[in-house]
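# Structural features, examined
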Amino acid sequence: MLSLGTDDQTRLLRVAALTGVALVAFASRLFSVIRYESVIHEFDPWFNYRTTRYLVEHDLDSFWNWFDERSWYPLGRIVGGTLYPGLMITASALWNSLHALGFPVDIRNVCVFMAPIFSGLCAVATYLVTKEVKDSRAGLLAALFIGVAPGYISRSVAGSYDYEGIAIFQMMLTFYLWLKAVKTGSAFFGGVAAIAYFYMVSTWGGYVFLINLIPLHVFALILMGRFSNRVYVAYSTFYAIGTLYSMQIPFVGFQPSRTSEHMAAMGIFGLVQIIAFVQLVRSHMASKQFQTLLLGSVGVGFVLAFAALVFLTMRGYVAPWTGRFYSLWDTGYAKKHIPIIASVSEHQPTAWPSIFFDLQVLTFLFPAGVYFCFRKLNDEHVFIMLYAATASYFAGVMIRLVLTLTPIVCVAAGIAVSNILDTYLKHSPPADSAAEKVASDAKSAVAGSSSDKAADKQPAKDKPTGVRNSESKLVVVAVFAYMMALFVWHCTWVTSNSYSSPSIVLASYTPDGRQHIIDDFREAYFWLQENTAEDAKIMSWWDYGYQIAGMSNRTVIVDNNTWNNTHIATVGLAMASPEPRAYEVMRKLDVDYVLVIAGAVLGYSGDDINKFLWMVRIAQGVYPEIQETDFYAANGQYRVDDTASKTMRDCLMYKLTYYRLNEMYPDGNAWDRVRQTHVPAKNIKLSTMDEVYTSENWIVRIYKLKQPDNLGRPLTDAAAFEENRRRKRKHVKKY
Amino acid sequence: MASKKPAVSSAAPPPAALLSQLWTNYRAETGVRLQLVDAYMVFLLLTGILQFVHVVLVGTFPYNAFISGFASTVGAFVFAAALRVQTNPKNRQGRDFSPERAFADFIFCNLVLFLAVTNFIG
């Protein structure tokens, strides 16, 4: 270290700090692996894991052409054309390179650790972005923030093998390269940014945010009169390459040329060309009238492009905004028109506490950072401001979009904190000693004269308004150090308590503090794999489709890729109908087994009865025979006890959930621990299906459909007949 | 690209005189190299317009082929424009690019673009 110059030492320290931050980002996501085991979490990751396994076992070509007959029975799903393949290809590339190096790693472990690895890289990308906007000191702070901020950790803990885990890294990388391109005006960086954009498009549907934010940046620069050749080169190359590349993803296809979400980018591209041309003409005319020509052509071009867009939309060449998109502007839209979108809890509007929960002190530093951007106001600061404004809006609309807000909050907070530290903490030792000297002078001398002296002693670049008293410096720095420590503590606490549960394995604590693992899901899925026919069709609510396909390797009727609303509504219809009708529907769907999640015994609140109203609503949208109001008790509440409505008590879901529950309790004391109510004591009779499996804690219950009656009677009649006969026989025996 | 022409001609009040003035200025002030790039760009512009007219008349059927053809012209056009901007001596200010660097960027972008074009053209 001694042989290195100061610059080299700083660089070494910086690299060491950044590596440390990346390691912290990686390590703080491992709670779930340490506490449970290396397992894939939740719902969607199971599909990603399953496809990755397929990709590893087969080659890329058959991956693209994979027709999956195990899902959406009997429709199937063309997997290659309906997913973003970036995540799977990255994971399998990592797996292949590890194997090539001689590390025989299981693909599951690669998938489990994908998100933490990319979070470390994301910290580096955030450092780079912030460095472009301010300097490397702010960059290091921002990297630390993004490394531990719960808003991002929520989607990227180990085992959460989902698109977002790596997409945020790709997004920050694209932004960095874009800022670099704008600052240097280099076609090379424009092209590289486009390639990073392509990588992002291949991974996450959220790329739409990018392809609207970057044109918005360009447009704002034009309006502010900051249009320059650098912006022209950067945007033209970025758009020309990026758009063509994004069309290479089969799932995206021709959308960039056809849908409204992408039209802004195209319009700005045209606008940029026109402006550049007009500027060229002006440079040869050197006449003032071209100022007006410029503005005029911009206005005319904008109006023309907009008119063309409206025309093309009306003629059907350009697809209008999609439903998911409308729900971003009108938060009530989804609930009114597309219950399937509204039914997902992460699509709900964000509550204020949850933003604080995810970002803690960064929430308050965020505006300060944006304010500092206003004070500098270069091209890249405009970008940060626009990103901040748009992302804040979207994060307020949808909980899951807090994820896109988190990086910019970290960048802005990094800028704010580093500005404060710049003011209150001198970097160069001479300045420090000068300040100390001044401080010691201040004790003896009058305050006014000491500040004069200090102003003389400070280097010329320091502002005369700086703080020179070391005590006040110390106070401010200490307060901020305390705040940062508190922040990191909060982040670790949130990560460990809220975001590290795999949700397929549950944990509870016995009174003496020992951990008790509840493994009902995997137990039941394993049972399915071992005890059902290879081609058995399992009906469940769509939430569990990916898990059943991934863990049991059985055919499911609907799954988490909710592309066919009618099919889901049909399943909802079966669940919400009385038994005979449900049997009819299920026979049509060729169902063999029905799987329901029942939390009544354990108090597991994410069960099917709590989701049931959404099933009813979705079914109602397609089959008017189901009416939501029928399922409420007389007083308008959603009840499961004796006051529940007859429709509710007759429907299949209710019966399957509470079937034989009262046998566990003394007479009339059957108790639902989720809803905290009694359950009707009357025995529930099932005539169309048999209970075949119930997991240890009664969370997963599996029923097998009976074959149709040999004599052609409805199964309810047959069951009633059988029961009568049995009773009669008993009767006879008595005498 | 195609919408450029009307925007220019509509905004010039005495068209003939102004345009001839522009032309003489252009010939006088622009280097030969830049004029070469301009000729290339005009060629690409015409190719693009031709493809567009073809699509309007015949239809978009192999849409991927049209997209890749059109995108390659548009892309090559803007890269040439970028090259022109960066090598234009008028734009030199401070830390700008050497013509060699600009040309290397130009080639890099074209390579990247045509990789996708050949993949997409079907």
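Within each chain, residue numbers correspond to sequence positions counted from 1 in written order. Whichever chain is written first becomes A and whichever ligand is written first becomes 1, with later ones labelled in order. A pLDDT threshold of at least 70 governs which residues receive local features in this predicted model, and a stricter bar of 80 or more applies before side-chain atom pairs are shown or counted, although totals over entire chains, interfaces and linings include all residues. In computing side-chain properties, one takes all heavy atoms of the structure into account and sets aside hydrogens as well as water.

To continue, consider the overall build of chain B. Strands here mean DSSP runs of E at least two residues long; helices mean DSSP runs of H or I at least four residues long; both are numbered from the N terminus. The secondary structure content of chain B amounts to five helices and zero strands. Ordered by position from N to C terminus, the α and β elements of chain B give α-α-α-α-α. The buried label applies to any residue whose accessible area, calculated with a 1.4 Å probe on protein chains only, is under 20% of its type's maximum; exposed applies above 50%, and partly exposed to all values in between. In chain B, which comprises 122 residues, the share counted as buried stands at 41%. If you take every contact in chain B between residues at least 6 apart in sequence, the share linking residues at least 24 apart comes to 68%. To measure how exposed things are, a 1.4 Å probe is used in the Shrake-Rupley method; for residues, cover is taken only from the protein chains shown. Of the roughly 7000 Å² that chain B leaves accessible, carbon and sulfur atoms contribute 71%. Whether two residues touch is decided by their heavy atoms; if any such pair falls within 4.5 Å, the residues are in contact.

The next thing to look at is the domain arrangement of chain A. Residues and elements named next belong to chain A. Either an automatic procedure or a domain database provided the assignment from which the domain bounds are taken. Per the domain assignment, the segments of chain A are domain 1 (13-420) and domain 2 (520-734). Between domain 1 and domain 2, the buried area comes to about 2500 Å², and carbon and sulfur atoms account for 61% of it. Whenever a carboxyl oxygen of Asp or Glu lies within 4 Å of a side-chain nitrogen of Lys or Arg, that contact is scored as a salt bridge. Here domain 1 and domain 2 share two salt bridges between them. The partner of R522 in a salt bridge is E37, and the shortest N-O contact between them spans 2.6 Å. Any pair of N or O atoms that falls within 3.5 Å is considered a polar contact. Within protein, one atom must be able to donate a hydrogen and the other to accept it, and sequence-neighbouring residues count only if both atoms are side-chain atoms. On the surface where domain 1 and domain 2 come into contact, there are eleven residue pairs in polar contact (both at pLDDT 80 or more). Mapped by element, the contributors of at least two residues to the side of domain 1 that touches domain 2 are α3 (44-57) and α18 (339-342). Per-element tally for the side of domain 1 that touches domain 2: the top contributor is α3, with five residues. Gly is put with the polar residues, along with every residue not named as nonpolar or charged; the nonpolar set is Ala, Val, Leu, Ile, Met, Phe, Trp, Tyr, Cys and Pro, and the charged set is Asp, Glu, Lys and Arg. Across the side of domain 1 that touches domain 2, the residue classes break down as twelve nonpolar, four polar and nine charged. Buried area is calculated as the accessible area (1.4 Å probe) missing from two parts once they are joined, with the contributions of both summed.

We now examine unusual backbone geometry. Peptide bonds are, in most cases, trans, and in most cases residues other than glycine have a negative phi. All names here are of chain A. The omega torsion across Y73 and P74 is 0 degrees, close enough to zero to call that bond cis. Of note, the phi angle at W72 is positive, near 55 degrees, even though the residue is not glycine. By the element assignment, W72 lies in the loop between β1 (67-68) and β2 (77-78). Overall, W72 belongs to the buried group, its relative accessible area being 0%. The backbone phi angle of Q360 is positive, close to 45 degrees, even though this residue is not glycine. With respect to the element layout, Q360 can be found in the loop between α19 (352-359) and α20 (362-376).

The next point concerns the UniProt feature "transmembrane region" (unreviewed entry) in chain B. UniProt positions are given in the numbering used here, feature names are shortened, and annotations may be inferred rather than shown by experiment. The positions that UniProt labels "transmembrane region" (unreviewed entry) are, in the present scheme, residues 37-57, 63-83 and 103-121 of chain B. Each end of residues 103-121 of chain B is marked by a C-alpha atom, and these two atoms are 26 Å apart; helix forms 95% of the span and strand 0%.

All names here are of chain A. One open sheet accounts for five strands, arranged β6-β5-β7-β11-β10; its pairing is mixed. The outermost strands of the open sheet, each flanked by one partner alone, are β6 (555-556) and β10 (689-694). Should DSSP find at least two bridges between two strands, the strands are taken to pair. One ladder, built from five bridges, connects β10 with strand β11 (residues 700-705); its direction is antiparallel. Pairing of T694 across the sheet is with R701, part of β11.

Another point: the packing of aromatic side chains. Residue and element names in this part refer to chain A. Pairing of aromatic rings covers Phe, Tyr and Trp, the last through its six-membered ring, and needs centres within 6.5 Å; plane angles under 30 degrees mean stacked, over 60 mean edge-to-face, and all others mean tilted. Counted under the stated rule, the structure contains 43 aromatic pairs over all chains. Where F145 meets F487, the ring centres are 5.6 Å apart and the plane angle is 90 degrees; that geometry is what we call edge-to-face. Here F145 is found in helix α7 (residues 136-148), whereas its partner F487 is found in helix α25 (residues 470-497), with 342 residues between them in sequence. The burial state of F145 is the same as that of F487; both residues are buried.

It is worth spelling out a nonpolar patch on the surface at this point. All names here are of chain B. Each patch is built from residues lacking any salt bridge and having more than 30% relative accessible area; the joining distance is 9 Å for like charges and 5 Å for nonpolar side chains (Val, Leu, Ile, Met, Phe, Trp, Tyr). Residues V42, L46, I49, F52, V53, V56, L57 and V58 make up a contiguous nonpolar surface patch of about 760 Å² in total accessible area. With respect to the helices, strands and loops of the structure, V56 is situated in helix α3 (residues 32-58). The exposure class assigned to V56 is exposed, which follows from its relative accessible area of 57%.

Both strand β3 (residues 506-509) of chain A and strand β4 (residues 515-518) of chain A contribute to a ladder of four bridges, which runs antiparallel. Residue pairing for β4 of chain A: S508 of chain A is matched across the bridge by H516 of chain A.

This next bit is on the UniProt feature "domain: STT3/PglB/AglB core" (unreviewed entry) in chain A. Residues annotated in UniProt with the feature "domain: STT3/PglB/AglB core" (unreviewed entry) correspond here to residues 537-594 of chain A. The span residues 537-594 of chain A is 52% helix and 12% strand, and its two end C-alpha atoms sit 9 Å from each other.

Bringing helix α1 (residues 6-27) of chain A into the picture now. To estimate how far a helix should reach, multiply one less than its number of residues by 1.5 Å. Here α1 of chain A spans 31 Å end to end across 22 residues, near enough to the 32 Å set by a 1.5 Å rise per residue. Buried residues belonging to α1 of chain A abut α6 (107-133) and α7 of chain A.

Glancing now at the side chain of R701 of chain A. All names here are of chain A. Within the secondary structure, R701 is located in strand β11. A polar contact of 3.1 Å, which involves the side chain of R701, links it to the backbone oxygen of T657. Here the side chain of R701 touches T694 through a polar contact of 3.3 Å, side chain to side chain. Those residues within four positions of R701 in sequence are excluded, and the remaining contacts are V594, L595, V596, A598, L656, T657, Y658, Y659, R660, E691, Y693 and T694.

As a further point, take the side chain of R84 of chain B. Within the element layout of this structure, R84 of chain B appears in helix α4 (residues 63-87). Given the relative accessible area of 5%, R84 of chain B is considered buried. Setting aside residues no more than four positions away along its own chain, R84 of chain B makes contact with L280 of chain A together with Y26, T30, L34, V37, D38 and M41 of chain B.

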